[in-house]
Amino acid sequence: MRKKALFYFLCFLSSVFGTMVVVIDSIASTYVEDIWVYGNLSFVLGTVLSFIIALVFMIPVRGRPLGKNADPNFYGIFIPNREHLKYFLPMALGNAIATIGYFYVIATMLDPSAVLPFMQLVILYLALGEIIIEGDTPSLLEIQSLTMIMFGALLASISPTGTLNIHSLIVVMAVINTGATLKIVAQRRMRLIRIDGKRIDSINIRIWNLFFSTIFFIVIIGVMDPKSIIEMFHASSKLILITALSMTITFFSKITYIRALGIGRASITQAATSITVILGIPATLLINYLMPGVLSEIFVSPVVLTIKLIGTIMVSLGVITLALSEVRAYILIRAPRGKGSTILRNISRIRGIVLVSALAGKYDYIAKVKLRTLGKAYRYIVRELEKIEGIEDFVWLSTLYEWEEI
Amino acid sequence: MGLIRAYIMINVEVGKIAGVVEKLKKIDGIGNIAVVAGEFDIIVRVRVRSVEELFDITEKIHKIDGIVRTTTHVVEKEVIRE
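Residues numbered from 1 in each chain as written. Chains lettered and ligands numbered in written order. Predicted model: local features only at pLDDT ≥ 70, side-chain atom pairs only at ≥ 80, totals over all residues. Heavy atoms only, no water.

Student: Lay out the pairing of strand S2 (residues 30–37) of chain B with the relevant residues and their values.
Tutor: A large share of S2(B) lies buried, amounting to six of its eight residues. Pairing between strand S8 (residues 393–404) of chain A and S2(B): six bridges, direction antiparallel. Paired with A:Glu402 across the strands is B:Ala34, a residue of S2(B). Note that S2(B) and strand S3 (residues 42–48) of chain B share five bridges and pair antiparallel. From the neighbouring strand, B:Ile33 faces S3(B), where its bridge partner is B:Val44. Hairpin connection, S2(B) to S3(B): the antiparallel pair is bridged by four residues, and B:Gly38 has positive phi, about 145°. (Buried < 20%, exposed > 50% of the residue type's maximum accessible area, 1.4 Å probe, protein only. Helix = DSSP H or I, 4+ residues; strand = E, 2+ residues; numbered from the N terminus. Pairing = 2+ DSSP bridges.)

The following block contains the structure:
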């Protein structure tokens, strides 16, 4: 299957699961007096469930663990070492912070079609982070799409009465998205590094992330609302059932998402999964129809619904534009050998270069480039290559079309 | 283990790139096809188990209508940073 097709399929699947989770969580928040009871329960049950699913994934089928079908890098549950913890702990902390904000927002808004676009605002942080790290002024295209995403999310989150929920927005921007950015960056790094020659698989990432997130979450909530920790043990079986359902779907949503992250860039994966924004509207309408009165009625007037729809379309257009603005190229490099592997390492350190191979043939190295914009970044790479001692000559081949096999 | 990776740079006759790409996609062992602008027209990345297999792939590529020349570069060492 084409890599791109698989990538978008994973993103879509993750979006569908993601939408379902927000809907279930919103419904569940109406069943409890204290949202943190549901929060605590979600984490504790989620961890237990994830471990059970991971154990099932370890069952060998025709000589290989079942989980290999979900993620080819899966070999079984491992106990994280110090090297792993460097990535797991920041990720879990980010996750715990983001989730606290998330539970607060779903319980106050009771409107998945508003919460979902809000959560997409994390792309603003990711894109800004990339722009700052690359030390580049953003292109017009980037400014346009980011502005569209921001205002689109605002429009999509408009309440049935036509007001904007500023309080929730602050929680989203300050708490949820900061936590989510920390989490996504750590998660992506983890997916790409190799420890003891192995990549960390998405299943282990998920279970250990949940395990450490639960610790962080319970500690923070324990300080904020100690009563909820005790109440968690008196939860009704109905609540436990809903929580288990939500956590199971979350598990699959995360696995598909992490798999997609291993293929595409963080901001692009985020972009493709932002289809959840649009899915939020039909999902909320469906619940409004099936279970009237549980969630906020979003179809009060056609005007409000139209504004919401325009908002979601703006968000999608913004993220698609951002996703398509990636530029690829190959650089063929001539550099007589003898300098050992320092040239290889020096080339690989240049930002934007994703793969360098030392070759036997007319050229000595080939470097694969992925850039957000061509102009400035191109000049930067050329400048950096010229600085490397031993490079005699290089040619830049811009990629016009690329096909990749999985 | 024991995988050989190589880049094959291809020059194609004018107007035949699209057809060549479609045929390349069908060859086993080709993992990546990039149509580029510059000295070459197509850069192909292959993963094979042996040099014989690499030879087979090169042979198959040569048989495609529209191919002018191929230049094969075997990968000796690699750094992935994606």
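Student: Account for the environment of B:Ser50, with residues named and values stated.
Tutor: You can see B:Ser50 is positioned in the loop between S3 and helix H2 (51–63). In this structure, the C-alpha to C-alpha distance between B:Ser50 and B:Arg5, residues 45 residues apart in sequence, is 9.6 Å.

Student: Explain empty space enclosed by the protein to me, using residue names and the numbers behind them.
Tutor: Residue and element names in this part refer to chain A. Scanning the entire structure with this criterion turns up four cavities of 30 Å³ or more. Taken together, 35 residues make up the lining of the largest cavity; nearest its centre are Met119, Lys183, Thr250, Ser253 and Lys254. If you list the elements that add at least two residues to the lining of the largest cavity, you get helix H1 (3–29), helix H2 (35–57), helix H3 (82–109), helix H4 (112–120), helix H7 (166–192), helix H8 (202–224), helix H10 (237–261) and helix H11 (266–273). Of the residues assigned to the lining of the largest cavity, the class counts are 15 nonpolar, 16 polar and four charged. (1 Å grid on protein atoms, 1.4 Å probe; cavity = no way out; pocket = protein on both sides within 12 Å on 5 of 7 lines; lining within 4 Å. Points joined across faces, edges and corners; volume = space filled by probe spheres on them. Nonpolar A, V, L, I, M, F, W, Y, C, P; charged D, E, K, R; others polar.)

Student: Run through the side chain of A:Asn288, naming residues and quoting values.
Tutor: Residue and element names in this part refer to chain A. Residue position: Asn288 is located in helix H12 (residues 276–290). Since its relative accessible area comes to 6%, Asn288 is described here as buried. Residue contacts for Asn288: discarding those within four places in its chain leaves Leu295, Ser296, Glu297, Ile298 and Phe299. (Contact = heavy atoms within 4.5 Å.)

Student: Report on the interface of chain B and chain A, specifying residues and quantitative values.
Tutor: Every contact between the two is made by 28 residues of chain B and, on the other side, 38 residues of chain A. Taking both partners together, chain B and chain A bury about 2900 Å²; carbon and sulfur atoms supply 56% of that area. Here chain B is connected to chain A by one salt bridge. For the side of chain B that touches chain A, the secondary structure elements donating two or more residues are strand S1 (4–12), helix H1 (17–25), S2, S3 and strand S4 (67–80) of chain B. When residues in the side of chain B that touches chain A are grouped by element, the largest group, nine residues, is from S4(B). In the side of chain B that touches chain A, the residues fall into 15 nonpolar, five polar and eight charged. (Buried area = accessible area lost by both parts, 1.4 Å probe. Salt bridge = Lys/Arg side-chain N within 4 Å of Asp/Glu carboxyl O.)

Student: Explain the packing of H2(A) against H10(A) to me, using residue names and the numbers behind them.
Tutor: Helix-helix packing is characterised by the crossing angle of the two axes and by the distance between the axes. Residue and element names in this part refer to chain A. At their nearest, the axes of H2 and H10 sit 8 Å apart, and the two run at 55° to each other. One way to sum up the angle between H2 and H10 is to call them oblique. Handedness of the H2/H10 crossing: right-handed. Two secondary-structure elements touch here, H2 through Tyr38, Leu41, Ser42, Leu45, Gly46, Leu49, Ser50, Ile53 and Phe57 and H10 through Leu239, Ile240, Ile242, Thr243, Ala244, Ser246, Met247, Thr248, Phe251, Phe252 and Ile255. When grouped by side-chain class, the residues that make up the contact of H2 with H10 number 14 nonpolar, six polar and no charged. (Axes fitted to C-alpha atoms, helices over the stretch in contact; angles between N-to-C directions. Parallel < 35°, antiparallel > 145°, perpendicular 65-115°, else oblique. Left-handed = near helix turned anticlockwise from the far one by under 90°.)

Student: Explain the sheet that holds strand S7 (residues 365–371) of chain A to me, using residue names and the numbers behind them.
Tutor: Overall, antiparallel pairing links the eight strands, which are arranged S5(A)-S7(A)-S6(A)-S4(B)-S1(B)-S3(B)-S2(B)-S8(A) in a closed barrel. When strand polarity is set aside, the average angle formed by the axes of neighbouring strands in this sheet is 35°. Pairing geometry for strand S6 (residues 353–360) of chain A and S4(B), over six bridges, is antiparallel. Among the inter-strand pairings, A:Leu355 is bridged to a residue of S4(B), identified as B:Ile80. Across the sheet, H1(B) touches S8 of chain A together with S1, S2, S3 and S4 of chain B, and the angle it forms with S2(B) is around 165°.

Student: Give me the pattern of salt bridges: which residues, what numbers.
Tutor: Residues and elements named next belong to chain A. The full count for this structure, using the stated rule, is 14 salt bridges over all chains. Across the salt bridge formed by Lys368 and Glu402, the nearest N and O atoms sit 3.4 Å from each other. Here Lys368, found in strand S7, pairs with Glu402, found in strand S8; they are 34 residues apart in sequence, far enough to count as distant. Take Lys368: its relative accessible area is 8%, and that puts it in the buried class. Three or more residues joined by partner-sharing salt bridges are found here, namely Arg328, Lys368 and Glu402.

Student: Quick rundown of the environment of A:Glu392? Include the residues and the values.
Tutor: All names here are of chain A. The residue Glu392 is located in the loop between helix H15 (375–387) and S8 in this model. A residue is classified by how much of its surface remains accessible, and Glu392, at 62% relative accessible area, is exposed. Excluding anything up to four places from it in sequence, Glu392 contacts Arg334, Ala335 and Pro336.

Student: Any details on the packing of aromatic side chains? Residues and values, ideally.
Tutor: All names here are of chain A. For the coordinates displayed, the defined rule picks out 16 aromatic pairs over all chains. Their ring planes at 80° and their centres at 5.6 Å tell us that Trp208 and Phe211 sit as a pair that is edge-to-face. Residue Trp208 and its partner Phe211 are located together in helix H8, separated by three residues, close to a single helical turn. On the accessibility criterion, Phe211 (32% relative accessible area) is partly exposed. Look at Phe211 and Phe212: their rings are 5.2 Å apart centre to centre, the planes differ by 80°, and that puts the pair in the edge-to-face class. Under the relative-accessibility criterion, Phe212 is labelled buried at 14%. Put simply, the rings of Trp36, Tyr38, Phe43, Tyr102, Phe103 and Phe217 pair up and form one aromatic cluster. One cation-aromatic arrangement involves Lys68 over Tyr75; the distance from NZ or CZ to the ring centre is 4.0 Å. (Phe/Tyr/Trp six-rings, centres within 6.5 Å; stacked < 30°, edge-to-face > 60°. Lys NZ or Arg CZ within 6 Å of the ring centre and 35° of its normal.)

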